[in-house]
Amino acid sequence: MKLFKKIIRYGCSGILSGIAIGFVIALCCNLINQTNYFMPSNLPFLHRFSSVTLATLISTILWALMGFLGGASALIFMQERWSITKQTVIHFIVMFGLFTPLAILAGWFPLNFLWLSLYTLVFVIVYAIIWYTSMLKAKKQISKINRAIKENN
């Protein structure tokens, strides 16, 4: 029950971030494409709904779910007994498995082999950067601790 409450708390803390990030990405896409009115996603996504307002509402819900997922999954990196590699791999599996369907539903890319392959490649590259950065940070912390130990001896 304690873990469930933590998941809910961390997940809820990510909802506003998810909405904000989703909106900013959509806004940037609108600016790049020089649209005359705000579109929360691409035209095929919009055509699924009776109005742009409804499409925006659904997009906002999807962005909130993405934010919830991001917030809740941050708990994985708090598992101190796990190695950085294990944390990163488990986080990757959780995020890829749960975020990908949300991204497809949000109309971020069509469901076909080429787009899914490109999306997967980007996901892998991002996680390789996360892992590498985490390893560098850990090495710096270890060096700092070792210097403090040597200074006290």
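Our subject is the structure listed above.
Reading guide: rules and limits
- All residue numbers refer to positions counted from 1 along the written sequence of the respective chain.
- Residue-level local features of this predicted model are given only where pLDDT is at least 70; pairs of side-chain atoms are given and counted only at 80 or more, and the full residue set underlies all totals for whole chains, interfaces and linings.
- Calculated side-chain values reflect all of the structure's heavy atoms, with hydrogen atoms and water omitted.
- Elements are defined by DSSP. Helices are runs of H or I of four residues or more, strands are runs of E of two residues or more, and each kind is numbered from the N terminus.
- The globule rule is 2.2 Å times the number of residues to the power 0.38, and the radius of gyration it is compared with is taken over C-alpha atoms.
- In this scheme, a residue with accessible area under 20% of its type's maximum is buried, one over 50% is exposed, and one in between is partly exposed, where area comes from a 1.4 Å probe on protein chains only.
- Contacts: residue pairs with any heavy atoms within 4.5 Å of one another.
- Throughout, the Shrake-Rupley method with a 1.4 Å probe supplies accessible areas, and for residues the shown protein chains are the sole cover considered.
- The aromatic pairing rule takes the rings of Phe, Tyr and Trp, using the six-membered ring of Trp, and pairs them if the centres are within 6.5 Å, calling planes under 30 degrees apart stacked, those over 60 edge-to-face and the rest tilted.
- Given the number of residues in a helix, its expected span is that number minus one, multiplied by 1.5 Å.
- Here, the term nonpolar core denotes a set of buried Ala, Val, Leu, Ile, Met, Phe, Trp, Tyr and Cys residues that are joined through side-chain atoms within 4.5 Å.

(A) A look at the overall build of the protein. For the protein, the helix and strand inventory stands at five helices and zero strands. Along the protein, helices and strands appear, N-terminal first, in the series α-α-α-α-α. Here the C-alpha atoms of the protein give a radius of gyration of 19 Å, more than 25% beyond the 15 Å that 2.2 N^0.38 yields for 153 residues. Projected onto its principal axes, the C-alpha coordinates of the protein cover approximately 70 × 35 × 30 Å. Taking all 153 residues of the protein together, 25% fall into the buried category. By sequence separation, contacts in the protein at least 24 residues apart represent 58% of the contacts at least 6 residues apart. Carbon and sulfur atoms make up 71% of the accessible area of the protein, which totals about 10700 Å².

(B) Quick look at the packing of aromatic side chains. Taken as a whole and assessed by the stated rule, the structure comprises twelve aromatic pairs. Counting every residue linked through ring pairs, the aromatic cluster contains Phe92, Phe96, Phe99, Trp108, Phe109, Tyr119, Phe123 and Tyr127.

(C) Up close: the environment of Gly71. Relative to the elements of secondary structure, Gly71 occurs in helix H3 (residues 52–73). Taking the relative accessible area as the measure of exposure, Gly71 reaches 12% and is therefore buried. Each residue touching Gly71, except ones within four places of it in the same chain, is listed here: Tyr10, Gly11 and Gly14.

(D) Region of the structure containing H3. Taking 1.5 Å as the rise per residue, H3 with 22 residues should run 32 Å; its terminal C-alpha atoms sit 31 Å apart, in good agreement. Buried within H3 we find Ala55, Ser59, Leu62, Trp63, Ala64, Met66, Gly67, Leu69, Gly71, Ala72 and Ser73. Here the buried face of H3 lies against helix H1 (2–33), helix H2 (43–46) and helix H4 (84–105).

(E) Representation of the nonpolar core within the structure. Counting residues in each nonpolar core, the largest one holds 18 residues, and the members touching the most others are Leu62, Met66, Met95, Phe99, Ala103, Tyr119 and Phe123. Of all elements in the fold, only H2, H3, H4 and helix H5 (113–152) reach the threshold of two or more residues within this core. Once residues lying within four places of it in the same chain are set aside, the contact partners of Tyr119 are Phe96, Phe99, Thr100, Ala103 and Phe109.

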